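Residues per chain are reported as follows:
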Amino acid sequence: MSPRIALAWLLVAAAPTALFAQAQTSAPKSAWNVTDHIALKDFVVQSHRGAGNLAEEGTLESFKLGWALGTIPESDIRATKDGVIVSFHDGSFKRLIKDADPVLKKSSVEKSTWEFLQTLDVGAWKGDSFRGRRVPKMSDIFAYMADNPDLRLYLDIKKVDFAVLAKLVKDAGVADRVILASRHPAHHIEWKKLVPESGTLLWMSAGEQEITKMIDELVASGDIKSITSMQLHVHPNRNGANYDRSTDGGRDWKKIPCTDDPSEPFNHTRSFIIRLGERLRSLGILYQSLPYMSRDGVYAELMDLGVASFATDHPDVAMLEIRKYYAKRGKK
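The paragraphs below set out a description of the structure included in this document.

Reading the values: rules and limits
- Residues numbered from 1 in each chain as written.
- Predicted model: local features only at pLDDT ≥ 70, side-chain atom pairs only at ≥ 80, totals over all residues.
- Heavy atoms only, no water.
- Phe/Tyr/Trp six-rings, centres within 6.5 Å; stacked < 30°, edge-to-face > 60°.
- Helix = DSSP H or I, 4+ residues; strand = E, 2+ residues; numbered from the N terminus.
- Buried < 20%, exposed > 50% of the residue type's maximum accessible area, 1.4 Å probe, protein only.
- Salt bridge = Lys/Arg side-chain N within 4 Å of Asp/Glu carboxyl O.
- Expected span 1.5 Å × (residues − 1).
- Contact = heavy atoms within 4.5 Å.
- Pairing = 2+ DSSP bridges.
- Right-handed = clockwise from strand over helix to strand, strands pointing away.
- Core = buried A, V, L, I, M, F, W, Y, C linked by side-chain atoms within 4.5 Å.

### Points about the packing of aromatic side chains
- Tallying each qualifying case throughout the model produces seven aromatic pairs.
- Aromatic pair Phe43 and Tyr326: ring centres 6.1 Å apart, planes at 85 degrees, arrangement edge-to-face. Residue Phe43 is found in the loop between α1 (3–26) and β1 (44–47), and its partner Tyr326 is found in helix α11 (residues 315–328); the two are separated by 283 residues along the sequence. Each member of the pair, Phe43 as well as Tyr326, is classed as buried.

### Concerning the pattern of salt bridges
- Throughout the structure, instances matching the rule amount to 16 salt bridges.
- One salt bridge connects Asp90 with Arg95, and the closest N-O pair in it is separated by 2.8 Å.
- Among the residues examined, Arg95 registers a relative accessible area of 38% and is labelled partly exposed.
- The shortest N-O distance in the salt bridge between Arg279 and Asp216 comes to 2.9 Å. Highlighted residues: Arg279 in helix α9 (residues 270–282) and Asp216 in helix α8 (residues 208–221), separated in sequence by 63 residues.
- Exposure remark for Arg279: the relative accessible area of 28% places this residue in the partly exposed category.
- Via salt bridges that share partners, Arg49, Glu57, Asp90 and Arg95 belong to a single interconnected network.

### Here we look at α11
- End to end, α11 covers 20 Å across 14 residues, agreeing with the expected 20 Å (1.5 Å per residue, within 8%).
- Those residues of α11 that fall on the buried side of the exposure criterion are Pro315, Ala318, Met319, Glu321, Ile322, Tyr325 and Tyr326.
- If you follow the buried residues of α11, they end up packed against β1, α10 (298–304) and β9 (309–312).
- Immediately downstream of α11, the backbone of Gly330 shows phi near 70 degrees, a positive value.

### Points about the environment of Ala241
- Of note, Ala241 is situated in the loop between β7 (229–234) and α9.
- Given the relative accessible area of 70%, Ala241 is considered exposed.
- Distance in space between the C-alpha atoms of Ala241 and Asp261 is 9.4 Å, their sequence separation being 20 residues.

### With respect to the pairing of strand β4 (residues 153–159)
- Within β4, five of the seven residues are buried, which leaves the element mostly enclosed by the surrounding structure.
- Bridge count for strand β2 (residues 72–79) against β4 is five bridges, and the pairing is parallel. Each residue of the ladder has a partner; that of Glu74, found in β4, is Tyr154.
- Summarising the sheet, β4 and strand β5 (residues 178–182) pair through four bridges and their orientation is parallel. Bridge assignment links Leu155 to a residue of β5, and that residue is Leu180.
- This β-α-β element, β4 to helix α6 (residues 162–172) to β5, shows right-handed connectivity.

### Some words on the environment of Leu280
- Take Leu280: it is sitting in helix α9.
- Leu280 gets classed as buried once you look at its relative accessible area, which sits at 0%.
- Between the C-alpha atom of Leu280 and that of Thr228, which follows or precedes it by 52 residues, the distance is 9.6 Å.

### Comments concerning the nonpolar core
- Residues Met230, Leu232, Leu276 and Leu302 are the most contacted members of the largest nonpolar core, which totals 37 residues.
- Elements supplying a minimum of two residues to this core: β6 (199–204), α8, β7, α9, α10 and α11.
- Setting aside chain neighbours within four positions, we find Leu232 in contact with Met204, Ile211, His268, Phe272, Ile273, Leu276, Tyr287, Gln288, Ser289 and Leu290.
- With 24 residues, the next largest nonpolar core counts Ala79, Leu151, Leu165 and Trp191 among its residues.

Worth remembering: the numbers are spatial, not functional.
In structure tokens, the structure reads:
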């Protein structure tokens, strides 16, 4: 082979690597990085609905698993028709009660007594190893937390009387270890009046303009002081060249606001994700993201863009990737 041909082959072989390196270096990154400001031990990971996909939803057993992983579990809050506040996500029993008859599928926590609720197996749908698990009273969850002072819990509001919930939290002595979560700013404003020592999380699934407008209005009214953390929902870019619907965790994926730029990996542009972080940090608000995807590297990509906390359906994967990210940057 002549020297000229050999050189040509070397250039062809090197081209993909060179292009990949160029793409990596040209990808936008935030000038602010969580590893420079938050120690690994203080990094907040929320285990969605208890322990994400690792267990059934919203039971004491799932919370214990979430805590064991070093995360903060999330509990969805509802009340039975006889006034018992419990942990249950859905507005009906259709999805989470295996082999439920048609009448039971249409029923709900709000239509049930606490006594009846205890007859329902909320673990069997997940598999045989989860059979026999029951909907828990929040008073029992708070009592368990009271005996374990390092534990924290997100309270995602579905349908509940705030005054009654606040009393449960205060009576258990865990007011400063719960974080109320909702997409409605009015919920945070009301909750902060009742439990000022509690944290709050405003989650956002809207588009970039709607999110910006909401924050502007909260700042203008002064109600931004009721928000201690914000969560941005992030989905794959369904207009991207390599979009795979099967990997998109969004149930109503067609309704999710999304960029038209095929070069962007997420439904929100990377420049917006960076700018939102800058805005939230200027307001003293923790910047959390819930990535509705499980591909390798997604947590590292979002931390590169300035995200400082996560909610996840894959807490084991998230914790592993976050530890690797800190280690790669020489941080602890």
